[in-house]
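Residue-level listing of the chains:
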Amino acid sequence: MQLIDTHVHLNFPVFQEDLLALRSRWQEAGVVRLVHSCVKPAEFAQIVAIADQFPEVAFAVGLHPLDADLWEPDLGAEILAKAASDPRVVAIGELGLDFFKADNQDWQKQVLHAQLEIAHKLQKPIIVHCRDAAPALREVLIEFFQTHGEVNGVMHCWGGTPEETQWFLDLGFYISLVAL
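Described below are features of the structure shown in this document. Just so it is clear, the structure is predicted and the values come from calculations on it, not from any experiment.

**Description of the overall build of the protein**
Scanning the protein from terminus to terminus reveals six helices and seven strands. Traced from its N-terminal end to its C-terminal end, the protein shows the element sequence β-α-β-α-β-α-β-α-β-α-β-α-β. Taken over the C-alpha trace, the protein has a radius of gyration of 16 Å; the compact-globule value for 180 residues is 16 Å, and the two agree within 12%. Buried residues in the protein amount to 49% of all 180 residues. Here the protein has roughly 9500 Å² of accessible surface; of this, 54% comes from carbon and sulfur atoms. In the protein, which carries 12 positive and 25 negative side-chain charges, the distance between the mean positions of the two groups comes to 5 Å.

Structural data, given as structure tokens:
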């Protein structure tokens, strides 16, 4: 069986000295494609360099909700330009809402909406981070779908309730699980 890992962060410091050995392990496990999620703009160059080194690595560009304070209009333009210009960009994200660690809920919603607009414009799926924010995320997505049209994507490393899981399945999302 061939596997695709839809959410990696190979640029994290813990992996830097071991990337070639790590590649051997993912190949031995049957992983033929990886999607590297972006957390913040400072990672763009690192992620591109990793994708240049390993052709099986595609990537997403976006801004993690815990980094929402970094958002500015120029960043939206940068995400749009990178996503439109590099065919290895297969998604927008990691985007979403995280109410567990942050109290800037309204701002996170605005940043999420801006990235949803980019994904919709480019017809790219989204990689969604959602922690302690499922009702708010559902509300934002339903409003966006009604005013702009649907986007699809994956709820990564999902930990919601069965009812919340069904909400996102009903919206057409995939649910990602962690294999331990």
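On we go.
**A few points about the pattern of salt bridges**
Scanning the model with the defined rule gives four salt bridges in all. D18 is paired through a salt bridge with R25; the nearest N and O atoms lie 3.3 Å apart. Look at R25 and you get partly exposed, because its relative accessible area is 45%. The structure contains a network of salt bridges with shared partners spanning D52, D86 and R88.

**A look at the nonpolar core**
Judged by nonpolar contacts, the single largest core of 52 residues is most densely connected at I92, I126, L137, F168 and F173. Take this core: its biggest share by element is seven residues, from helix α5 (residues 134–147). In this structure I126 touches I92, L95, L116, A119, V151, N152, G153, V154 and F173, once residues within four positions along its chain are discounted. Within the second largest apolar cluster, five residues are counted, among which are V35, A60, A91 and V154.

**What about the packing of aromatic side chains?**
Enumeration according to the criterion identifies four aromatic pairs in this entry. Between W26 and F54, the aromatic rings sit 5.7 Å apart at their centres with planes inclined by 75°, giving edge-to-face as the arrangement. Here F54 lies in the loop between α2 (44–53) and β3 (57–61) and W26 lies in helix α1 (residues 19–28), a separation of 28 residues in the sequence. Comparing W26 with F54, the two get one shared label, buried. Judged by centre distance (5.4 Å) and plane angle (70°), the ring pair of W158 and F168 falls under edge-to-face. With W158 in the loop between β6 (153–155) and α6 (162–170) and F168 in helix α6, this residue pair connects regions lying ten residues apart in the sequence. Both residues of the pair, W158 and F168, belong to the buried class. Three or more aromatic residues joined by ring pairs make a cluster, and in this case those are W158, W167 and F168. Across the ring face of F100, the terminal group of R131 is positioned such that the distance to the ring centre comes to 3.6 Å.

Criteria and cut-off values
Residues numbered from 1 in each chain as written. Predicted model: local features only at pLDDT ≥ 70, side-chain atom pairs only at ≥ 80, totals over all residues. Heavy atoms only, no water. Helix = DSSP H or I, 4+ residues; strand = E, 2+ residues; numbered from the N terminus. Rg over C-alpha atoms; globule rule 2.2 N^0.38 Å. Buried < 20%, exposed > 50% of the residue type's maximum accessible area, 1.4 Å probe, protein only. Areas by Shrake-Rupley, 256 points an atom, 1.4 Å probe, with all protein chains shown as cover. Lys, Arg positive; Asp, Glu negative; His and termini not counted. Charge placed at Lys NZ, Arg CZ, Asp CG, Glu CD. Salt bridge = Lys/Arg side-chain N within 4 Å of Asp/Glu carboxyl O. Core = buried A, V, L, I, M, F, W, Y, C linked by side-chain atoms within 4.5 Å. Contact = heavy atoms within 4.5 Å. Phe/Tyr/Trp six-rings, centres within 6.5 Å; stacked < 30°, edge-to-face > 60°. Lys NZ or Arg CZ within 6 Å of the ring centre and 35° of its normal.

Treat this as a map of the structure, not an account of what it does.
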